Structures are given as structure tokens and as C-alpha cells.
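Chain by chain, the residues run as shown.
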Amino acid sequence: MSDRLFIFDTTLRDGEQVPGCQLNTVEKIQVAKQLESLGVDVIEAGFPISSPGDFNSVIEISKAVTWPTICALTRAVQKDIDVAVDSLKYAKRKRIHTGIGTSDSHIKYKFNSNREEIIERAVAAVKYARNFVDDVEFYAEDAGRTDNEYLARVVEAVVKAGATVVNIPDTTGYCLPQEYYEKIKYLKEHVDGIDNAIISTHCHNDLGMATANTLSGVLGGARQVEVTVNGIGERAGNTSLEEIAMILKCHKHLNIETNINTTKIYPVSRMVSSLMNMPVQPNKAVVGRNAFAHSSGIHQDGVLKNVGTYEIMNPKDVGLDDNSIVLTARSGRAALKYRLKVLGVSVEDDKKVDNIYQAFLRLADKKKDVTDDDILVLAGADRTASHAVKLDYLQVTTGLGVRSVASIGLDISGQKFEAAASGNGPVDAAIKALKKIILKQMTLKEFTIQAISKGSDDVGKVHMQVEYDGSLYYGFGANTDIVTASVEAYIDCINKFRVK
Ligand code: KIV
Ligand code: ZN
């Protein structure tokens, strides 16, 4: 009989904390639904006290998904727990994830406290949360650098107080795999009542050891792993969901099973990368562009003779199809819809499909190969549908030895506005014109242009960071015309401005 390992996905909490990766509620629901169909057991949907946006996302995700447990993060603070309880009111299965730092450095510098007081606060938080929900997970922040003896005392106290899951985070990604294995094993062997709770891993990747440490934790006795799609997360990220799922699939002798439908891995990875504007490195294990590409002559020869010579997993097992349908200007709506589905975007509304299809045809006219990334960008373009400020038209005259001039038309909640301006380049002129309509004190802080693949006919992706009213906003635009993409990115930021 194999052992069941629970998959706790924190893409929408730890992953979403990363600057530039913020999603709106509609996008978070899209990701949550994909995580549900991937088969994750727990979705950490947010940190509700941190912002009204996070609170609302936990509410809406709770309504949108059916069987995974919805988890909300808190500090070991009653007010946090009250807000989390409120945010989970629509969840069919709910969990509160509360905790406190337990390493000496957290105790001294973060809390100006002592070990005994930290245990009291931990126990009080777990007991308080148990008044509202049956499923309470406790995290011992920086457990990776907490000495095992004290950690065991903390864990024993919180399990006694009613914690159903105990999370042992290697918050700073410091542990060595052997050390982390021993930590989990020590808890299994020294904590009275540990069998009443599940031990969870939560490993960060600062030294590139997140997956190795997570696996070591599982071998030491942990039966829940906290992971993110594509390994996104604070700093160097978290353990990647896809790596753990495929390690267990490839190493069946470990006798550990998850509920993950691995054939959904690739579409979910693409969708998260596209929505969060976070490219996946080409050589990333399992989901990188080159993960199944054999380029050297010797490898190609071996794979052609027998695929097992250089391939330890079947690309189909992670949802990579054979790309036999190539999209061109002659492709129909059905082919486009199929490709979108493979990429994890299910668009049921015919009008939406039609909008994406029209945009696809315009792009296919300009560009020979329409890639998966292009298609995701086109589908994502639809997210501007709910925006109050939209770009109506843009005309720019530019060249060598002349000052650039731009005229712009905006649609603001159905009303049309126009302006013109000159600048020292086409983007400068266009943004100056835009600022004549949007009379707000906003400053462009960061501006990057990136081609999606190669070729002068490529779609350019623009990421911008704009400061407004003391906060930073991240925006994204994509177009074959990079000046238009830049203005779209600026407008994307404007649509995110919050009223304080
Ligand atoms: O890395 C960490 O310690 C965390 C906790 C809040 C679980 O993310
Ligand atoms: Zn973390």
C-alpha cells in the first residue's frame, strides 16, 4: 500500500507576494480553478488581513472551487484570525494557517520576546482558531534555523492545543537535505502526540535546495508538501509543484502517491507564467521550454533509436502534446479553441472566443509563426475588458532628427478623450499625451521591453512599474507595436490604482 502525500499549493499566497506577480481576483479564480483540476488538496488563497484585495480573493476563490480545502494565512494574532474566519465563510472545506517565528533570531529581533512566551502565543493562536474551524495548521517560521529540541516543544504544545497540521518551514532556504530530513525525523520520534497531526514541509529555494529538502522531509515522515507552480515565491522561490509530482511519479519505488493529474501540469504552468508575467527559465525542470528538447547530435541519435536513452519521463505525462496542430492565418476557431484548452485557458463564451480569434488573425497576418506565448498574450488581452480606462487609438510620428509627436484617444468608462504631445522619443510623446488626459501625479519607475520569441515581426511584452500616491503599481502590455504595448502597460497600471 502506498502512502498518500497531500499537496498544499501556495502559488496564490507565497507566489503572489512576489513584486510584479500580483493578480486581480478574476485571474486568481482562473488559477484556483486550474489548481482544482490539477488535483491539489489545499489552496492557500491569501493572507486576508493584509489587504482588502486579499480578503476578497479568499471569499471569491472559496465560492469558485468545490473540493480542495481553502486555506487563509494569519499571524498568531486574534484580529488576523477573526478576519481569516470571515473570509472563509463560503469555503466548503476550510483551514486557518496561523503561526509565529521560532528561531532565536526571530524571537529576539522580530518579537523581542523569549522562548516560553512564544510557545504561549503559539498555543493561544491555535486554540483561538480552533473555536472557529476544525482544521488548523500551525507554522513555526524559520523552523529551518530553529534548534530541534525547542522546535519539538513548540510542535508538541500546538498539537496538544488542537493543530491538525504542523508546518516546518525552511523560511530562508538554509538547510541541507540531510539536516532537514533529520529535523522531520526528530519531530516524528520525539513529539508526544505527533501522530495526531500531519507534518508539512515548506522549503524556500535560496540555495537551490528547495526540492531536495522537500523530498528529504517526505522521506523523514512529512505527509504534506507546500509548493508553488513553476516554483515562484519570495526571493528565489518555493519548491515547485511539478518537480515534486514528477519525482514521485518517476520513482514509484518510494510508494508515495499524490492526487495530481500530471497531464495538467504544462497547461497550468503556462497559465501561471502568463498571468503573473513571470517567464519560466528555458532549462527549468519539467516545464522549461528545453526540458524535453534534445539538441546535441549524440542525444538526438540515441532518442531516435530508443526514447528511454535520454528521456526519463514521457512529455505527454506532463501535458506536453506533440504540437501537431500548427496555428497559421488559415486556422479556424476550433483549432484556436483547442490550443487555448491545451494551454489551460478554457473560454466557453463564443463572443470571447471570437474576440481572441480576430486578434489572432490580425497577428497571424503580421507574423509567420504564432507561438503558444503569443496565443496566451492574446487570450490575456481580454482581461482588459473590465478596465475603466482603455486605449482607443494611438498615432505616433517619429524618426531620426525629428521630435516625436503622438496623438492618443482614451475611452474612460464610455467617454472619449483625446490629446496630443511631443517628446524625445515615441514612448515619451505617447505617455506625455496620456498624462494630458489622466491628470494624476504618477511617475514611471521601471520599464522593460521583451520580445516573446525572435524575429522583427514578434510581439513585444512591456512591463512597467508606476508610482502613484505612495504605492507602486505593476502593468503589462503586449503588441507587435512596442509603443502601443508601452502605452497599454501604463494604462494597465492606471486601472489598478486604488483609492486610499
Ligand atoms: O516561508 C515561510 O516561513 C512562510 C510561512 C508564512 C509559512 O511562508
Ligand atoms: Zn514561504
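Coordinates for the structure precede this section.
Reference entry: report on the structure contained in this document.

How each quantity is defined
- Position labels on residues start from 1 in each chain and follow its written sequence.
- Lettering of chains starts at A and numbering of ligands starts at 1, both following the order in which they are written.
- Local features in a predicted model are, by the rule used here, given only for residues with pLDDT of at least 70; side-chain atom pairs are given and counted only at 80 or more, and totals for whole chains, interfaces and linings are based on all residues.
- Side-chain figures throughout are based on the complete set of non-hydrogen atoms in the structure, without hydrogens or water.
- Here the term buried applies to any residue with accessible area under 20% of the maximum for its type, exposed to any over 50%, and partly exposed to those in between, with areas from a 1.4 Å probe on protein chains only.
- Runs of E in the DSSP output that reach at least two residues are strands. Runs of H or I that reach at least four are helices, and both are numbered from the N terminus.
- Paired strands are those between which DSSP finds at least two bridges.
- Fitting a line to C-alpha atoms yields each axis, with helices limited to the stretch in contact; the angle taken between N-to-C directions then spans 0 to 180 degrees.
- What makes two residues a contact is simply this: any of their non-hydrogen atoms within 4.5 Å.
- Pairs of N or O atoms within 3.5 Å make up the polar contacts considered here, provided that, within protein, one atom can donate a hydrogen while the other can accept it, and that residues adjacent in sequence are counted only when both atoms are side-chain atoms.
- As used in this record, nonpolar core signifies buried Ala, Val, Leu, Ile, Met, Phe, Trp, Tyr and Cys residues forming a set joined through side-chain atoms within 4.5 Å.
- An automatic or database domain assignment is the source of the domain bounds shown.

## Describing unusual backbone geometry
Glycine aside, residues mostly have negative phi, and peptide bonds are mostly found in the trans state.
And step 1. For asparagine 112, which is not glycine, the phi dihedral falls at a positive 45 degrees.
And step 2. Overall, the relative accessible area of 69% leaves asparagine 112 in the exposed class.
And step 3. Notably, asparagine 255 is not glycine yet its phi reads approximately 60 degrees, a positive angle.
And step 4. Summarising the element assignment, asparagine 255 is placed in the loop between helix H10 (241-250) and strand E10 (256-257).

## Description of the sheet that holds strand E7 (residues 165-170)
And step 1. As summarised here, the arrangement of the eight strands in space is E2-E3-E4-E5-E6-E7-E8-E9, forming a closed barrel in which the pairing is parallel. Averaged over all pairs of adjacent strands, the angle between their axes in this sheet comes to 25 degrees, without regard to strand direction.
And step 2. Two strands pair when backbone bridges link them, and strand E5 (residues 94-101) and strand E6 (residues 136-141) are joined in this way by six bridges, in the parallel orientation. For isoleucine 100, the partnering residue across the bridge sits in E6 and is alanine 140.
And step 3. This element, helix H9 (residues 210-220), spans E7, strand E8 (198-203) and strand E9 (224-227) of the sheet and lies at about 170 degrees to E8.

## Brief notes about the environment of histidine 204
And step 1. With respect to the helices and strands, the residue histidine 204 is situated in the loop between E8 and H9.
And step 2. Overall, histidine 204 belongs to the buried group, its relative accessible area being 4%.
And step 3. When the C-alpha positions of histidine 204 and lysine 341 are compared, they lie 31 Å apart, and in sequence the two are 137 residues distant.
And step 4. When residues no more than four places from it in sequence are discounted, the contact partners of histidine 204 are Asp14, Asp170, Thr171, Gly173, Ala210, Glu234, Arg235, Gly237 and Asn238.
And step 5. Within the structure, the side chain of histidine 204 is placed 3.2 Å from the side chain of histidine 202, a separation counted as a polar contact.

## With respect to the nonpolar core
And step 1. Counting residues in hydrophobic clusters, the biggest one holds 88 residues, and the most contacted among them are Leu35, Ile70, Phe138, Val155 and Ile168.
And step 2. Of the residues that make up this core, three or more belong to each of domain 1 (3-275) and domain 2 (292-320).
And step 3. Beyond its immediate stretch of four places on either side in the chain, phenylalanine 138 contacts Thr98, Gly99, Ile100, Ala122, Val126, Val154, Val158, Ala163, Val165, Val166 and Asn167.
And step 4. Counting residues in hydrophobic clusters, the runner-up holds 29 residues, among them Met442, Ala485, Ala489 and Phe497.

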